[in-house]
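Secondary and tertiary structure notes
Each chain, letter by letter, is given below.
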Amino acid sequence: MSTTSAQPGQLEQFIERTNHVPEPAERTPEATEARRMPFKTALAEQLTGEQERVMVEHAIKRLGELEQELGRDLVLNQAWAASEKLSSTEIIQRATDSFMGKRSRYEDVFENKVDWRQYLFGGIFKDSNLVVPLSRRIARQMTARAQNYFFETDPWFAAEPEGVEDTKLADKIDRFAKFKLGQLGSKKNKERAIKRAFIQGEAVVKTTHVVRDQLFNAYAQILIDAEDNPILDATGGFILDTDKWQEETAVDPASGQPVPTGTGKLILARDGVTEQPATMLWAEKIIPRRQVIYQGPESPVVYFKDFLCPLTARDVQTADTVAHLYDKPVMELVDLYVKGGMLDATEKDRLEAVQRTIQLIRDLTSNTSTPKAGANQNDRPGDEQQFRGTSTSGEPVAEMAEIYLWFDANGDGILENIMLVVDRKNKVPVFYDYVPNVTIDGLRPFEVVRVNEIDGRWYGEGVMEMFESTQNIVDLLVNRWNHSQSRAGRVDFWRPDLTLEGRSNPNLVMNWGGTYTLAANAEPEKTLHSVYLEDTKFDHLERMFEFFMQLAMNESGVQHANDGQTAGMDTQKLATGIRNIEKAGQEMFAPFISDLEPSLQAILKRELLVLFANLDRTEVFDYLNRDTETGEEIKQLDQITPDEVRGLTLNVNLLLTRYKGEQQLVQGEQASAIVERFYMLPVQIQPFVAQFYKNQLKAIDPRIDTETLIQPGVAQIAPTAASAGAPASSTKAASPLNPGQSRPNL
């Protein structure tokens, strides 16, 4: 039984304090066509209340359709496999094969959580439900390799500003970008996206500008005038006794640099405008302060059950509707509105907006505190960042739908790209505007990191899906063996009447370690006989198990010697076989890098655009620089101003240092072997085959200077064990001569 606290909650107290605010005009019977969204935006100014209602109803309808199309309506809860919703074979099949149903299963298999198989698959899994981490092993290896290729070296990216001729400024921008993204954990979020992409096929990343701050009051020494009124700076802030003053400067037309004016005036350093008064009066007062805890771009992975996009869409930008569903405590909205000054009704023309905002909050309070989003209904939603929303204080939590849709909202016959945030329960619009007005690049803030791209679709095929059939076969074999092994054992046939103890006690039970006396003419074999039920399937199942393991590891391209040993392959025992496996693995993994690179680069570029577009104050940063005299790396400080990055456009490149280094190493080894083989030829033959060897080098890398490397007429060199293609140890083993023994002249 639930009980309620005698003390009203934070939200209840706020509602009580705003009871004096009347309802907006559109809530009166005389005006039912007014808009409900409280904020002034370019799109809102063009819509009537009816047009707003039609847009919201269309968006809510599309949400329901997409949930059914993707299977979210059946698999949202973590224990969906045992849910009462799956009441028929048809519904079970639809949930199991749905887009989100499959990805939920892939995630569970990766985490070795397979309880759902007894409900969805039945059969042997009801009696034995073991799992062999085959696809999990492959996915982890692929994830680790991709993460190392992209992020193992530092720096892992380069940012080059376009149109900036000043090389020092360009270097400063590049260093600041590396410093800031290092602070914001950009690399970690991208590593999470790569992991999700290999497990499920795709990972949706959402890039936004986030400000986390806190307001408080504190005592401070502030500058005042003779009437005890605070003297404010150019931005309306208080001037503290710790602020710096500097001599007034002006820009020299010749040099373009600030130079002292010579007037003797001192101005406030942080705004460059406020003049120092002749008499400095200070007073200790309580003033409001703001502390910025975090400010900058953020690119978390959206939990896959909370992102909706049509399965037939080519990409998230052209899809008719995409949506991100998340929980938002209503009190957080109140906090946002109060901090932004949106509830101040001091100005008469703002009264209507304040009334609508208050009414919006009243509508949202009808929500319960139960989590609604998928990320908050799962105990372990993978590595995706959980968007805050689970209320532990019992306050209402609204299910917000952040919807991006192509829709003709104003009736002009043109489809507009619209962002709409709506409270799903009450169908109340919280915010809407044109997408170019709310994002830096005019695009929807989503990017899909994927592998094995599906042609004409926005999603991909992950490792767990690639090897799903093999994983199921291997698990079936192991569970059949385990089930048959559990039935193996020993059956004892016991005749107590052939013992003296049994004749005196017909109910005598055989006891291990007991001593019994045989009756006259009784034989031990007939008194006690044991029959062993042996498992005869293991050898056959083991061969099948190794066969499918070998198929999977060969296809994955990420196996090593131990994998080959497990799968029963002989080639992994030879040096040639190991080198062949390594080479084939690099070739097979290259397409995954090609799939990942464009999306990761797009996310990085968007993060930097968001960073520089929202830079509103001078920022100091540190970087490592190599000393020209000692060669040591030393930490230095620099600063960047908003004016230096205003209107900036960037070229961003992922360096892929590790991946390119491996490719160059392989190419170098191949080129070295070709050059060595050429100079092993007799001098008389070299001129005739020189062009042939040059062509081989050009095929490896067109940039190789073949004229320098291949010069006919050089004396022949002796072959080495490495150039002959055999390990030195094998050459030594093949020689019958002992050290110091001369070869006979036969």
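Residues numbered from 1 in each chain as written. Predicted model: local features only at pLDDT ≥ 70, side-chain atom pairs only at ≥ 80, totals over all residues. Heavy atoms only, no water.

Once that is clear, we can look at the overall build of the chain. Scanning the chain from terminus to terminus reveals 23 helices and 19 strands. In the chain, buried positions account for 41% of the 746 residues. Sequence separation of 24 or more characterises 70% of the internal contacts of the chain that already satisfy a separation of 6 or more. Accessible surface for the chain amounts to roughly 40800 Å². Of this, 51% is attributable to carbon and sulfur atoms. (Helix = DSSP H or I, 4+ residues; strand = E, 2+ residues; numbered from the N terminus. Buried < 20%, exposed > 50% of the residue type's maximum accessible area, 1.4 Å probe, protein only. Contact = heavy atoms within 4.5 Å. Areas by Shrake-Rupley, 256 points an atom, 1.4 Å probe, with all protein chains shown as cover.)

As a further point, take helix H9 (residues 186-200). An α-helical turn contains 3.6 residues, so a residue and the one three or four places further along point in the same direction. In this model H9 runs 21 Å from its N-terminal to its C-terminal C-alpha over 15 residues, within 8% of the 21 Å that 1.5 Å per residue would give. Extensive coverage of H9 is indicated by the burial of eleven of its 15 residues. All buried positions along H9 are accounted for by Ser186, Asn189, Lys190, Glu191, Ala193, Ile194, Arg196, Ala197, Phe198, Ile199 and Gln200. (Expected span 1.5 Å × (residues − 1).)

The subject of this paragraph is the nonpolar core. Counting residues in hydrophobic clusters, the biggest one holds 128 residues, and the most contacted among them are Phe198, Leu596, Leu608 and Phe612. Of all the elements, helix H18 (residues 575-613) adds the most residues to this core, at ten residues. Residues within four places of Leu608 in sequence aside, it is in contact with Phe157, Ala159, Ala177, Leu181, Leu650 and Val652. Counting eleven residues, the second largest nonpolar core, distinct from the first, contains Ala671, Phe678, Tyr679 and Leu697. (Core = buried A, V, L, I, M, F, W, Y, C linked by side-chain atoms within 4.5 Å.)

This paragraph deals with the packing of helix H4 (residues 89-97) against helix H5 (residues 99-110). Running from amino to carboxyl end, H4 crosses H5 at an angle of 70°, the nearest separation of the two axes being 4 Å. By the angle between their directions, the pair H4 and H5 is classed as roughly perpendicular. The residues of H5 that touch H4, namely those facing Ala95, Thr96 and Asp97, are Phe99, Gly101, Lys102 and Arg105. For the contact of H4 with H5, the class distribution of residues is two nonpolar, two polar and three charged. (Axes fitted to C-alpha atoms, helices over the stretch in contact; angles between N-to-C directions. Parallel < 35°, antiparallel > 145°, perpendicular 65-115°, else oblique. Nonpolar A, V, L, I, M, F, W, Y, C, P; charged D, E, K, R; others polar.)

A volume near 1200 Å³ is recorded for the second largest pocket. If you go around the second largest pocket, you meet 27 residues; those closest to its centre are Asp233, Thr235, Arg270, Asp616 and Arg617. Among the elements of the structure, strand S8 (281-298) and helix H19 (642-645) are those that each provide at least two residues to the lining of the second largest pocket. Looking at the lining of the second largest pocket, the element that brings in the most residues is S8, giving six residues. (1 Å grid on protein atoms, 1.4 Å probe; cavity = no way out; pocket = protein on both sides within 12 Å on 5 of 7 lines; lining within 4 Å. Points joined across faces, edges and corners; volume = space filled by probe spheres on them.)

Let us now look at the packing of helix H7 (residues 134-151) against helix H16 (residues 538-556). Between H7 and H16, whose axes approach to 11 Å, the crossing angle comes to 15°. If you check the angle between H7 and H16, you find them roughly parallel. H7 and H16 meet at a crossing whose hand is right-handed. Contacts from Leu134, Ile138 and Met142 in H7 reach Met549, Ala552, Met553 and Ser556 in H16. (Left-handed = near helix turned anticlockwise from the far one by under 90°.)

The subject of this paragraph is the pattern of salt bridges. Applying the stated rule across the entire model yields 32 salt bridges. Across the salt bridge formed by Arg212 and Glu298, the nearest N and O atoms sit 3.1 Å from each other. Taken together, the residues span a long stretch of sequence, with Arg212 in strand S3 (residues 208-224) and Glu298 in strand S8 at a distance of 86 residues. The exposure class of Glu298 is buried, given its relative accessible area of 13%. Of the charged contacts, one joins Arg424 and Glu399 as a salt bridge, the two residues approaching to 3.5 Å between their closest N and O atoms. Of this pair, Arg424 sits in the loop between strand S12 (416-423) and strand S13 (428-434) while Glu399 sits in strand S11 (residues 397-407), and the two are 25 residues apart along the sequence. Residues Arg424 and Glu399 agree in their burial class; the two are buried. (Salt bridge = Lys/Arg side-chain N within 4 Å of Asp/Glu carboxyl O.)

On the surface, Val491, Phe493 and Val531 cluster together into a nonpolar patch covering about 230 Å² of accessible area. You can see Phe493 is positioned in strand S15 (residues 489-494). (Patch = residues over 30% accessible without salt bridge, like charges linked within 9 Å, V, L, I, M, F, W, Y side chains within 5 Å.)

Bringing the sheet that holds strand S9 (residues 307-308) into the picture now. Taken in spatial order, the five strands of this open sheet run S9-S10-S11-S12-S13, and their pairing is antiparallel. The sheet is open, and its two borders are formed by S9 and S13, each paired with just one other strand. Taken strand by strand, helix H2 (residues 49-70) contacts S9, strand S10 (321-329), S11, S12 and S13, and its axis lies near 100° from that of S11. (Pairing = 2+ DSSP bridges.)

Turning our eyes to something else, we now look at the confidence of the model for the chain. Per-chain confidence: the chain averages 81 in pLDDT, with 79% of residues scoring 70 or above. Here residues 1-7 is modelled with pLDDT under 50, and outside its nearest four sequence neighbours on either side it reaches zero contacts, counting other chains as well. Across residues 381-390, confidence stays below pLDDT 50; counting only partners more than four residues off in sequence or on other chains, it has 37 contacts. (pLDDT = per-residue confidence, 0-100.)

With that out of the way, let us pick up the environment of Asn417. Checked against the element boundaries, Asn417 lands in strand S12. It is 4.7 Å that separates the C-alpha atoms of Asn417 and Trp406, two residues lying eleven residues apart in sequence. With sequence-adjacent residues up to four places away left out, Asn417 is seen in contact with Leu405, Trp406, Asp433, Tyr434, Val435, Pro436, Gly442 and Arg444. Side chain to side chain, Asn417 and Arg444 meet in a polar contact 3.3 Å long. (Polar contact = N/O pair within 3.5 Å; in protein donor to acceptor, adjacent residues only side chain to side chain.)

Moving on to the environment of Val675. Mapped onto the fold, Val675 is located in helix H20 (residues 657-679). On the basis of relative accessibility, which here comes to 17%, the residue Val675 falls in the buried class. Between the C-alpha atom of Val675 and that of Ile710, which follows or precedes it by 35 residues, the distance is 7.0 Å. Not counting the four nearest positions on each side in its chain, Val675 is found in contact with Leu697, Leu709 and Ile710.

Another point: unusual backbone geometry. With omega at 5°, the peptide bond leading from Asp154 into Pro155 counts as cis. By secondary structure assignment, the location of Pro155 is in the loop between H7 and strand S1 (157-161). The backbone phi angle of Asp228 is positive, close to 70°, even though this residue is not glycine. Inspection of the secondary structure puts Asp228 in the loop between S3 and strand S4 (245-247). Residue Asp228 is classed as partly exposed on the basis of its relative accessible area of 40%. Positive phi, normally seen in glycine, also occurs at Asn452, with a value near 50°. Using a relative accessible area of 22% as the deciding quantity, one classes Asn452 as partly exposed.

Once that is clear, we can look at H7. With 18 residues, H7 extends 26 Å between its outermost C-alpha atoms, agreeing within 8% with the 26 Å of an ideal straight helix rising 1.5 Å per residue. Along H7, 13 of the 18 residues are buried, which leaves the element largely enclosed by surrounding structure.

Here we take up the side chain of Asp423. Note that Asp423 resides in strand S12. Buried charge without a salt bridge: Asp423, with Lys425 as the nearest opposite-charge side chain at an N-O distance of 6.8 Å. In this structure Asp423 touches Leu364, Asn367, Ala398, Glu399, Met400, Val428 and Val430, once residues within four positions along its chain are discounted. (Lys, Arg positive; Asp, Glu negative; His and termini not counted.)

What follows deals with the pairing of S12. Summarising burial for S12: eight of the eight residues are buried, a large majority. Side-chain alternation along S12 places Glu416, Ile418, Leu420 and Val422 on one buried face and Asn417, Met419, Val421 and Asp423 on a second face that is also buried. Note that S11 and S12 share eight bridges and pair antiparallel. Note that in S12 the partner of Ile403 across the bridge is Leu420. Where S12 folds back onto S13 in an antiparallel hairpin, the turn is made up of four residues, including Lys427, whose phi is positive at roughly 55°.

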